[in-house]
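# Topology and contacts: notes
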Number of protein chains: 2
Amino acid sequence: MQLNNTHRIQTDQLDVPPRLLLGPGPSNAHPRVLQALSMRQVGHLDPKFIELMNENQELLRYAWQTDNQFTIPVSGTGSAAMEASLANTVEPGDVVLVGVNGYFGLRLVDMAGRYGGDVRQIEKPWGEVFSLDDLRAGLEQHRPAILALVHAETSTGARQPLEGVADLCREFNCLLLIDTVTSLGGVPLFLDEWGVDIAYSGSQKCLSCPPGIAPLTLGPRAVEKLNNRQTPVANWYLDMSLLSKYWGNERTYHHTAPINMNYALREALRLVAEEGLEARWARHQANAELFWEGLAEMGIECHVPHEYRLPSLTTVRVPDGVDAKAVAGRLLREYNIEIAGGFGPLAGQIWRVGLMGFNSRPENVMLLLAALKEVLP
Amino acid sequence: MQLNNTHRIQTDQLDVPPRLLLGPGPSNAHPRVLQALSMRQVGHLDPKFIELMNENQELLRYAWQTDNQFTIPVSGTGSAAMEASLANTVEPGDVVLVGVNGYFGLRLVDMAGRYGGDVRQIEKPWGEVFSLDDLRAGLEQHRPAILALVHAETSTGARQPLEGVADLCREFNCLLLIDTVTSLGGVPLFLDEWGVDIAYSGSQKCLSCPPGIAPLTLGPRAVEKLNNRQTPVANWYLDMSLLSKYWGNERTYHHTAPINMNYALREALRLVAEEGLEARWARHQANAELFWEGLAEMGIECHVPHEYRLPSLTTVRVPDGVDAKAVAGRLLREYNIEIAGGFGPLAGQIWRVGLMGFNSRPENVMLLLAALKEVLP
């Protein structure tokens, strides 16, 4: 048979510009994480890898402040863990109440619907958060099996307070599902204290690991719901009733785990444990405050009130008459700094600036402020 | 709030034994691939990353010998690409005929059922393949919308011939779906010549890239079926109607691509293009033959007849009275060589030996044969 060489293109050795990733993610991986990533492989059932799996589970529990036995990295990006959280706990007909105050709330609505959920929404404008009264009203009206909230809305920069929410959920006998993609490792999170039943995250935000592996945790009530399902999980790859046999004592083959991404995650989580959560949360807060002060001095406002503002992701109001896209473009082209714009109802109105994990450093704040002064008209 | 430090374990810097991975996968990544993997990141919408996405698509087309426009790496392991192939093309009620002659056929059955497929099976003992007559009989009886076959059965070592199958599929007006996880980059594959409509693969076998990214290709007939679906794809993460907007000209955000895994895949595919498919296929065949000859000299048999034997994955019959598990254990402990056993109906009866990608080298064959001589009773 004759070979088709049309697509046999000549390409150069990989090279990429030295970007400083101050957008909504990915953020730059820590150099130690990149080193761990390139370690030679072992097999996915190797005793050494199983040891590493246990370590990743333990270190994730620390980062999330949970004792949940079922705490694992999912073999995909944050979106896969998000889908896993719903695919496993939502059964056809379950009422799922989603707090929608940004893009990721909308995505939860989309995903929960695909798994047969009877999805209801409570809404707030993008950038605002839900009060306990809002949530009580929603729970009273909809009586859901699951309440889903986004702790850190990457599309708006708002931090949803979670204190007291679980008490409401217990009162209404529903599970609490939380998106912590942009908070894990950078923003205070007390999963067990706050009574969260289901949570997921990404690796490429405050954990400073490349994207491609994503934490998921299920508390005892969520595991019980999974075990008592009337219908099989409608997703093989993310079926935690199968995957739990690989992550549990049985170590049964399900799929080949992404070995090197697990190496990287381990190093990222080691860095969290070394620094300690208090210090890490304080660092994220301090560098964010520095940025916010710098913006204020330039007369630029933040979209979210200080009280609900995420330290990991700031939404900056674009000054009147400024072309948001042109500014972001110049930062990238002239200074190798990536920030992002807004989308949905915030398109053109905000920039999104991440100061996450390894990137949450005063020198990055200083540089970004200086560069903004250069490129703003 | 008081921090829970129970799970703040002390761990050492990552270190793993220098394993030679001669099992069914993962195989060792090429050193150049590991180097590329650890390159600093750019954003997933960065112009440089979009250039790299295009290159990966082109190089995948070469490796698969296809002009399919829709050819992308899925952000998960081979199992995710497998699920994507079905989730997008199977609609509830579609008859899906699966050729089951090993574990991965069974998994196709499981997955297709989760997407509402009316799944039918034709069966052969593990290690055998389907003839055109077998397939014609199956198509005549079941009149499926999709015929799914495993080109390279990793559980049995058998290579399913595909010449002439597409003509049958056209005659019965059905799509042809092929598992190429253990063949892409190591075993002759002519997707377009063979009229394959849907195929998927993994990165960690003959491509010598770590697991965590997985090729998927849809031909024009499969894309048409996707575009004409009556029901939405019941899986958000793997919904190619959404993902095609990120991989197409629109570059619309869907999920954050696994940046570094894409770097690694690019380097793996560059290595394929540099070596050339003919040379690469010939190398895999030659090293496999060397191994088979060595086995024959030791009086050890292969499970699959020479004609249908995969060069990438050999199933070795365990000699009478030998404890398969003990032998594999000694190879790992004493010589850092990983091979795997059989499972299902072949449990205890075979070893599975992979000579894939970077690992398909005469010195590895020599070493394994010598080590086997040492540990066999």
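Residues numbered from 1 in each chain as written. Chains lettered and ligands numbered in written order. Predicted model: local features only at pLDDT ≥ 70, side-chain atom pairs only at ≥ 80, totals over all residues.

## What to know about the overall build of chain A
Across its full length, chain A carries 12 helices and 14 strands. On C-alpha atoms alone, chain A measures out to a radius of gyration of 21 Å, which is about the 21 Å that the 2.2 N^0.38 rule sets for 377 residues. If you line up chain A on its principal axes, its C-alpha atoms span 65 × 60 × 50 Å. Per-residue burial over chain A gives 60% buried out of 377 residues. Long-range contacts, defined here as pairs at least 24 residues apart, represent 72% of the contacts in chain A between residues at least 6 apart. (Helix = DSSP H or I, 4+ residues; strand = E, 2+ residues; numbered from the N terminus. Rg over C-alpha atoms; globule rule 2.2 N^0.38 Å. Buried ≥ 20, exposed ≤ 12 C-beta atoms within 10 Å, placed from the backbone. Contact = placed C-beta atoms within 7 Å.)

## Digging into the interface of chain B and chain A
At the junction of the two partners, chain B supplies 73 residues and chain A supplies 73 residues. When residues of the side of chain B that touches chain A are traced back to their parent elements, those giving at least two are α1 (31–37), α2 (47–64), α3 (78–89), α4 (103–114), α9 (259–275) and α10 (277–297) of chain B. In terms of residues, the side of chain B that touches chain A owes the most to one element, α9(B), which gives 8 residues. Among the residues making up the side of chain B that touches chain A, the classes are represented as 33 nonpolar, 23 polar and 17 charged. (Nonpolar A, V, L, I, M, F, W, Y, C, P; charged D, E, K, R; others polar.)

## Regarding the relation of the copies chain B and chain A
Superposition of the two copies of the chain requires a rotation about an axis together with a shift along that axis. The transformation that overlays chain B on chain A combines an axial shift of 0.0 Å with a rotation of 180°, and the residual RMSD is 0.0 Å. Look at the turn and shift together and you get a two-fold axis relating the two. When C-alpha positions in chain B are compared against the rotation axis, the closest is assigned to B:Gly76, at 2.5 Å. Of the residues that chain B buries at the interface, 100% are likewise interface residues in chain A, meaning the two copies contact each other through the same surface. (Least-squares fit on C-alpha atoms with pLDDT ≥ 70 in both.)

## Quick word on the packing of helix α10 (residues 277–297) of chain A against helix α12 (residues 362–375) of chain A
Residues and elements named next belong to chain A. The geometry of α10 relative to α12 is characterised by a closest axis approach of 9 Å and an angle of 20° between their N-to-C directions. In terms of orientation, α10 lies roughly parallel with respect to α12. Remark: the crossing between α10 and α12 carries right-handed chirality. Contacts between α10 and α12 involve Asn-287, Leu-290, Phe-291 and Gly-294 from the first element and Pro-362, Val-365 and Leu-369 from the second. In the contact of α10 with α12, the residues fall into 5 nonpolar, 2 polar and no charged. (Axes fitted to C-alpha atoms, helices over the stretch in contact; angles between N-to-C directions. Parallel < 35°, antiparallel > 145°, perpendicular 65-115°, else oblique. Left-handed = near helix turned anticlockwise from the far one by under 90°.)

## Quick look at the pairing of strand β11 (residues 313–317) of chain A
Residue and element names in this part refer to chain A. Of all 5 residues in β11, 4 are buried; the element is thus mostly enclosed. Where β11 meets strand β14 (residues 350–354), 5 bridges bridge the pair, whose relative direction is antiparallel. Within β14, the position partnered with Thr-314 by the bridge is Val-353. (Pairing = 2+ DSSP bridges.)

## Digging into the environment of A:Leu59
Tracing the sequence through the fold places A:Leu59 in helix α2 (residues 47–64). Its 24 C-beta neighbours within 10 Å are what place A:Leu59 among the buried residues. Each C-alpha atom of the pair A:Leu59 and A:Ala273 lies 7.2 Å from the other, and the pair is 214 residues apart in sequence. Contact partners of A:Leu59, with chain neighbours within four places excluded, come to A:Leu269, A:Arg270, A:Ala273, B:His7 and B:Ile9.

## So, the sheet that holds strand β13 (residues 340–341) of chain A
The strand order β11-β14-β13 (chain A) describes an open sheet built from 3 strands, whose pairing is antiparallel. Strand pairing shows two members of the sheet lacking a second neighbour, β11 and β13 of chain A, which therefore form its edges.

## Considering the domain arrangement of chain A
Residue and element names in this part refer to chain A. Here the domain parsing of chain A yields domain 1 (20–26 + 276–375) and domain 2 (31–273). Relative to domain 2, the C-alpha centre of domain 1 lies at a distance of 26 Å. Counting residues at the interface gives 26 residues for domain 1 and 26 residues for domain 2. Among the elements of the structure, α10 and β11 are those that each provide at least two residues to the side of domain 1 that touches domain 2. Looking at the side of domain 1 that touches domain 2, the element that brings in the most residues is α10, giving 4 residues. (Domains from an automatic or database assignment.)

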